[in-house]
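# Overview (structure and organization)
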Amino acid sequence: MRRHWHKKPLLIRQAFPGFSPVLSRSELFALASREEVESRLIARHAPGQPHWRVQHGPFARRDLPRLSTPDWTLLVQGVDLHHDAAHELLQQFRFIPDARLDDLMISFATEGGGVGPHYDSYDVFLLQAQGQRRWRLAKKFDPTLRADTAVKILANFEPEQEFVLAPGDMLYLPQHYAHDGVAEGGECMTYSIGFRSPARAELAQELLTRLGDEAAQSFDAQRYRDPKQEAVQQPAAIPHALQDFAQQAIQAALRDPQALARALGELLSEPKPNVWFESAPKPSLRGAIKLDRRTRMLYDDRHIFINGESFRAGGRDARLMHELADRRSLPASKRAQLSPEALDLLGQWLAAGWLHSAR
Ligand code: SIN
Ligand code: CO
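Counting of residues starts from 1 at the beginning of each chain's written sequence and follows it residue by residue. Chains carry letters from A onward and ligands carry numbers from 1 onward, assigned in written order. This being a predicted model, a pLDDT of at least 70 is required before a residue's local features are given, and a value of 80 or more before pairs of side-chain atoms are given or counted; all residues contribute to the totals for chains, interfaces and linings. Heavy atoms from the whole structure form the basis of all side-chain values; hydrogens and water molecules are not counted.

Here we take up the overall build of the protein. Helix and strand definitions follow DSSP, with helices as H or I runs of at least four residues and strands as E runs of at least two, each counted in order from the N terminus. A tally of helices and strands in the protein yields eight helices and 15 strands. Viewed in the frame of its principal axes, the protein has a C-alpha envelope of about 80 × 65 × 45 Å. A 1.4 Å probe rolled over the protein chains alone gives each residue an accessible area, and that area as a share of the maximum for its type sets the label: buried under 20%, exposed over 50%, partly exposed in between. Across the 359 residues of the protein, 40% fall into the buried class. Of the contacts made within the protein by residues no fewer than 6 positions apart, 78% connect residues no fewer than 24 positions apart. Using a 1.4 Å probe, accessible areas were evaluated by the Shrake-Rupley method; residue-level cover was limited to the displayed protein chains. Carbon together with sulfur atoms contributes 51% to the accessible area of the protein, which is approximately 20200 Å² in total. Residue contacts follow a heavy-atom distance rule, with two residues in contact if any of their heavy atoms lie within 4.5 Å.

Here's what the structure looks like:
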């Protein structure tokens, strides 16, 4: 992290020695056929089409080009949400805070397939899962994009470095580093471990909306009063006292320092769109408990956040809930130490399908 994170690429040969893919090509194609799974197909040299063409899923098997056709790639986003082994693999990347970890994307490509030279706004780990891929990289690049395609492809990419990755090899790339990965020697699968980095303006918009909703529900019934208002010559001018009142209203909405922390935790722990939990009909808390792979659980100094909801916690309950969030599981012996209120919450989360009895 000190030497490379946000600074420079890192190639790790055999980061995962003897690695084999966590799901097969046909399992990946099956995911790409599902409505709730985000997928894209990018083909080069499509006859009579622009040089690069992108289509959005879902894709039935017959919508995909033949395996013998070169130069195409299928990208499936958020595989960790739908597949246990993919979720387990993502756990290896929890040396980065969960609030920053995004998802596991899997790409399948035939010979020559790739998404073209581009750069991303996020850091990424590119783990080679099957076959070989040649990566060409450039720190300095001309950001001009090709005009003939909807795919964001650099028009004048000039590689500075290149590596061929075999299964188990992994390449870390900082954001804004130009790269081009091309399948070489046949079928190729690459796993991208991606990160989320909220844009400041978008974060402000989200948080202010949430704080605004909270203010609307507060008991603050204070209204603007102007007992000293004099008769005016310029009726269209906004009174300064009203401007001050507006300032105070905003300050009042932000006065509780925990409100912002709460809004942030709720936002960051919000499940991904398209995530639905299956509620358990007759749940019983037995043995160890384990978070569902789609559950997002985070905490700060005073709160526990789970799937967009917040709870205040202190003392032993907080320590045990932190352990559950960090390990994504809690042994039966520790669960038994929770207070009746905390156990009641666990029961509700179990019923909602947010966690399961592991046994
Ligand atoms: C790929 O796996 O082909 C694309 C990954 C990337 O370049 O970000
Ligand atoms: Co990329």
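Another point: the packing of aromatic side chains. Any two of the Phe, Tyr and Trp rings considered here, Trp counted by its six-membered ring, make a pair once their centres fall within 6.5 Å; the pair's planes then place it as stacked at under 30 degrees, edge-to-face at over 60, or tilted in between. Applying the stated criterion to the full structure yields 17 aromatic pairs. Centre to centre, the rings of tryptophan 72 and phenylalanine 108 are 5.5 Å apart; their planes meet at 55 degrees, and the pair counts as tilted. Here tryptophan 72 is found in strand E4 (residues 72-76), whereas its partner phenylalanine 108 is found in strand E5 (residues 101-109), with 36 residues between them in sequence. Like tryptophan 72, the residue phenylalanine 108 is buried in the burial classification. Ring-pair connections join several aromatic residues into one group, and the members of that group are Trp5, Phe16, Phe19, Phe93, Phe95, Phe125, Tyr172, Tyr191 and Phe195.

Let's shift gears to the domain arrangement of the protein. Domain assignment breaks the protein into domain 1 (10-195) and domain 2 (267-357). Residue ranges assigned to each domain were obtained from an automatic or database domain assignment. Computed from C-alpha atoms alone, the centre-to-centre distance between domain 1 and domain 2 is 33 Å. What counts as buried area is the accessible surface, traced by a 1.4 Å probe, that two parts surrender upon association, with contributions from both included. Between domain 1 and domain 2 lies a buried interface of about 1100 Å² when both sides are counted; carbon and sulfur atoms form 45% of it. By convention in these notes, a salt bridge is any Lys or Arg side-chain nitrogen within 4 Å of a carboxyl oxygen on Asp or Glu. Taken together, the links from domain 1 to domain 2 amount to two salt bridges. A salt bridge links aspartate 84 to arginine 293; its shortest N-O distance comes to 3.0 Å. Here a polar contact is recorded for every N or O atom pair within 3.5 Å, except that within protein the pair must consist of a potential hydrogen donor and a potential acceptor, and residues adjacent in sequence are included only if both atoms are side-chain atoms. Across the contact surface, domain 1 and domain 2 share eight residue pairs in polar contact (both at pLDDT 80 or more). Looking at the side of domain 1 that touches domain 2, the elements with two or more residues in it are helix H2 (84-91) and E5. The leading source of residues in the side of domain 1 that touches domain 2 is H2, at four residues.

Moving on, we come to unusual backbone geometry. Looking along the chain, the bond that leaves glycine 57 and enters proline 58 is cis, with omega of 5 degrees. By secondary structure assignment, the location of proline 58 is in the loop between strand E3 (52-56) and E4. Even without being glycine, glutamine 14 reaches a positive phi, approximately 50 degrees. On the secondary structure map, glutamine 14 appears in the loop between strand E1 (10-12) and helix H1 (25-32). Phi angles above zero are rare outside glycine, and asparagine 274 is one such case at about 75 degrees. Structurally, asparagine 274 is set in the loop between helix H5 (257-268) and strand E10 (289-291).

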